[in-house]
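As a plain string of letters, each chain reads:
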Amino acid sequence: MSHAVFVYGTLRRGFSNHHCMRGARLLGGARTRERYAMYVEDCPYLVQEEARYHVMGEVYEVSDAVLLTLDALEEHPRVYERRRIQAVLDSGRAVEAWCYFARAPRGRLLPHGDFAGEG
Ligand code: PCA
């Protein structure tokens, strides 16, 4: 079985945990359909209850095994909780995907929804 996952932080291309996406198929760059807030300490913490901006990331299709690896990495459901969201691919196609939200955000509020951007 495969699962679509929207990643917005260290799992993105070029970041520290991206190697965990090995074997995953990139569906494309994407943004969230809804607005959220992102706090950053060493890694980003997404908050679902605070509607500020669309969040940029990538959507991957992953296997059961990779999803379990990601759950362990993100310490779902204790530290991050995996929830369903709507994402919009750069192509314009809407997809439903899993996303890891922070249970207790830490750090400072990013002024925009792109962990790869400055600020
Ligand atoms: N890793 C997950 C959630 C936050 C993080 O740093 C991600 O990239 O989506």
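Asker: Give a description of the site of the ligand that names residues and reports values.
Answerer: Around the ligand lies a shell formed by Val7, Tyr8, Gly9, Thr10, Leu11, Cys43, Pro44, Glu74 and Tyr80. At 3.0 Å from an oxygen atom of the ligand is found a main-chain nitrogen or oxygen belonging to Tyr8. Within the complex, the protein chains bury 100% of what would otherwise be the 260 Å² of accessible surface of the ligand. Residues belonging to the shell around the ligand are distributed by class as follows: 6 nonpolar, 2 polar and 1 charged.

Asker: Let's hear about the sheet that holds strand E3 (residues 37–40): which residues, and what values?
Answerer: Judged by pairing direction, the sheet is antiparallel, and its 3 strands sit side by side in the order E4-E3-E8 without closing on themselves. Taken across any chain shown, the strands that pair with only one partner, and hence form the sheet edges, are strand E4 (44–47) and strand E8 (108–109).

About the criteria used
- Residues numbered from 1 in each chain as written.
- Predicted model: local features only at pLDDT ≥ 70, side-chain atom pairs only at ≥ 80, totals over all residues.
- Heavy atoms only, no water.
- Near = heavy atom within 4 Å.
- Polar contact = N/O pair within 3.5 Å; in protein donor to acceptor, adjacent residues only side chain to side chain.
- Areas by Shrake-Rupley, 256 points an atom, 1.4 Å probe, with all protein chains shown as cover.
- Nonpolar A, V, L, I, M, F, W, Y, C, P; charged D, E, K, R; others polar.
- Pairing = 2+ DSSP bridges.
- Helix = DSSP H or I, 4+ residues; strand = E, 2+ residues; numbered from the N terminus.

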